[in-house]
Amino acid sequence: MRVERVVVREIEMQLLAPFETSFGREDVRRVLIVEAQGGGISGFAECCALSGPFYNEETVGTCWHMLRDFLAPVVLGREFQHPSEVDGWFAPIRRNHIARAALESAVWDLHAQAVGEPLWRSLGGDRTRIDVGVSVGIHPDLASLCRTVEGFIRDGYRKVKIKIKPGKDVEVIRELRRQFGDVPMMADANSAYTLADIDTLRRLDEFGLMMIEQPLGHDDIIDHASLQKALRTPICLDESIHHAEDARRAIAIGACRIINIKIARVGGLAPAKALHDVCLAAGVPVWCGGMLETGIGRAHNIAITTLPGFTLPGDTSGSHRYWAEDIIDPPVTMEPDGTILVPQSPGRGYEVVRARLDARTVRSEALR
Ligand code: OSB
Ligand code: MG
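Residues numbered from 1 in each chain as written. Chains lettered and ligands numbered in written order. Predicted model: local features only at pLDDT ≥ 70, side-chain atom pairs only at ≥ 80, totals over all residues. Heavy atoms only, no water.

A. Representation of the overall build of the protein chain. A tally of regular secondary structure across the protein chain gives 13 helices and 15 strands. For the protein chain, whose C-alpha radius of gyration is 20 Å, the value lies close to the compact-globule estimate of 21 Å for 368 residues. In terms of principal-axis extent, the alpha carbons of the protein chain reach across some 55 × 40 × 35 Å. Here the protein chain holds 368 residues, and the buried ones make up 58% of them. Across the protein chain, the fraction of contacts at a sequence separation of at least 24, relative to all contacts at a separation of at least 6, is 73%. For the protein chain, the computed accessible surface area is about 13900 Å², with 50% contributed by carbon and sulfur atoms. (Helix = DSSP H or I, 4+ residues; strand = E, 2+ residues; numbered from the N terminus. Rg over C-alpha atoms; globule rule 2.2 N^0.38 Å. Buried < 20%, exposed > 50% of the residue type's maximum accessible area, 1.4 Å probe, protein only. Contact = heavy atoms within 4.5 Å. Areas by Shrake-Rupley, 256 points an atom, 1.4 Å probe, with all protein chains shown as cover.)

See below:
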């Protein structure tokens, strides 16, 4: 089949509460929604770059440019047998993974619908439910953080991830452990530390965290290997891993014991699966990270999480974690046991509500 038309839209979604990390804060979520049309079917995916280049180098603006001027032209009108071909078409383009992932994933959704099977089955997954965790942003004070975490524990999440940064780390985790005992907990630093902070990072060892995510440089694996030797807590890499080869190298030098896989960060579903395969072969557990996605991005995260190596709870929470009203129907919901049931209908498995999409669209462009 072929993609006959690509529609790129920018939408604005009000977050229920601002989300703060060591690198910045999002209040209103601007995301691009990519629609790949062919044979009367629409494949959807989300381009989840943040508004500024502070998680990785991409932004909503750079992704718009890449999608319109470089990526859509490569895909439009081109015959394919299987969506795993698309990543190969993008090979001459350097990086710009979030933009690539959006169009590549939309073609996967299109294909899965065309052949009448759920996206997760096209990917080779086999789980019927996935374990759900929640990511908790940096709060202005410890009391409000504790209230938030208490609510999430009551909701039944299987993992609580706490964002940390220098000055909001050891005492924060100590207090959470004191109040909530040994709930499955981890920390994510988003590259806020250096090896000079090794004493602080070692003090976190006493709290039995499941892992500490990306403590050091966004572009580093060498220092992470040194740090991992000095820590009991497993290091999980996020920002430093862009593709399967990065994972192979990081594992080879002992830079991490766990890897966070984000479809967007690695350039799409086929690259995410390839990264997963490397980790599975090496015995390194993976989990699916999040980028404050709308339901469209969540649907893709759920699909990839059905692969066998995703053995740890991810960051894909239900729609209501961030949105008063999601743009999909039904919304993603977490069961009382802390799982999400994997949808059985063809493609992404959640209907896109066009009226809601249109109401939130601030610009759109149709490409042929
Ligand atoms: O580091 O995992 C991260 C959000 C934006 C950018 C980076 C990260 C995050 C999160 C949120 O942790 C995860 C979610 O979508 O709930
Ligand atoms: Mg992270």
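B. Representation of the packing of aromatic side chains within the structure. The full count for this structure, using the stated rule, is five aromatic pairs. When the centroid spacing of 6.2 Å and the interplanar angle of 45° are considered together, the rings of phenylalanine 23 and tyrosine 55 count as tilted. Highlighted residues: phenylalanine 23 in the loop between strand S1 (5-21) and strand S2 (24-38) and tyrosine 55 in the loop between strand S3 (41-47) and helix H1 (60-75), separated in sequence by 32 residues. Grouped by ring-pair contacts, the aromatic residues Phe19, Tyr322 and Trp323 constitute a single cluster. A cation sits over an aromatic face here: lysine 159 above tryptophan 287, 3.4 Å from the ring centre. (Phe/Tyr/Trp six-rings, centres within 6.5 Å; stacked < 30°, edge-to-face > 60°. Lys NZ or Arg CZ within 6 Å of the ring centre and 35° of its normal.)

C. Representation of the domain arrangement of the protein chain within the structure. Domain boundaries in the protein chain define domain 1 (5-117 + 351-367) and domain 2 (122-341). Between the C-alpha centres of domain 1 and domain 2 there is a distance of 23 Å. On the side of domain 2, 42 residues touch domain 1, which itself brings 40 residues to the contact. Seen at the junction of domain 1 and domain 2, the total is two salt bridges. With its nearest N and O atoms 3.0 Å apart, the salt bridge here joins arginine 360 to glutamate 325. (Domains from an automatic or database assignment. Salt bridge = Lys/Arg side-chain N within 4 Å of Asp/Glu carboxyl O.)

D. Fine view of the pattern of salt bridges. Applying the stated criterion across every chain yields a total of 30 salt bridges. The salt bridge partner of arginine 174 is glutamate 171, with a shortest N-O separation of 3.2 Å. On the criterion of helical spacing, the pair formed by arginine 174 and glutamate 171 is a turn pair, its members being three residues apart in helix H6 (residues 170-180). Exposure remark for arginine 174: the relative accessible area of 32% places this residue in the partly exposed category. Salt-bridge contacts for arginine 174 lead to glutamate 206; the nearest nitrogen and oxygen are separated by 3.8 Å. Of the two residues, arginine 174 is situated in helix H6 and glutamate 206 in the loop between helix H7 (198-203) and strand S8 (212-213); the sequence distance between them amounts to 32 residues.

E. Broad picture of the sheet that holds S1. With antiparallel pairing, the four strands of this open sheet are ordered in space as S3-S2-S1-S15. Both edges of this open sheet fall to S3 and strand S15 (361-367), since each of them pairs with a single strand only. Within this sheet the neighbouring strands show an average axis-to-axis angle of 25°, counted without direction. Of the strand pairs in this sheet, S1 and S15 are connected by six bridges, and their pairing is antiparallel. What sits directly across from isoleucine 11, in S15, is threonine 361. (Pairing = 2+ DSSP bridges. Axes fitted to C-alpha atoms, helices over the stretch in contact; angles between N-to-C directions.)

F. Molecular detail of the coordination of the magnesium ion (ligand 2). At this site the magnesium ion (ligand 2) is bound by Asp188 (OD), Glu213 (OE) and Asp238 (OD), with donor distances of 2.2 to 2.3 Å. Spacing between the donor residues of the magnesium ion (ligand 2) along the chain follows D-x24-E-x24-D. Separated by 50 residues along the polypeptide, aspartate 188 in strand S7 (residues 185-188) and aspartate 238 in the loop between strand S9 (235-237) and helix H9 (244-252) bring together distant segments of the chain. Accessibility assignment for this pair places aspartate 188 and aspartate 238 in one class, buried. (Donors = N, O, S within 2.8 Å, 3.2 Å for Na, K, Ca; no water.)

G. Region of the structure containing the sheet that holds strand S5 (residues 134-136). Spatial ordering of the open sheet is given by S5-S6-S7-S8-S9-S10-S11, a layout of seven strands whose pairing is parallel. Of all the strands in the sheet, the pair left with one neighbour each is S5 and strand S11 (286-288). With two bridges connecting them, S9 and strand S10 (residues 258-261) associate as parallel partners. Note that in S10 the partner of leucine 237 across the bridge is isoleucine 259.

H. Quick look at H9. Of all the positions in H9, only Ala244, Asp246, Ala247 and Ala250 are classed as buried. Down the axis of H9, the buried set is contained in an arc of 155°. They therefore lie on one face. Buried positions along H9 lie against S9, S10 and helix H11 (269-282). (Arc of directions from axis to C-beta.)

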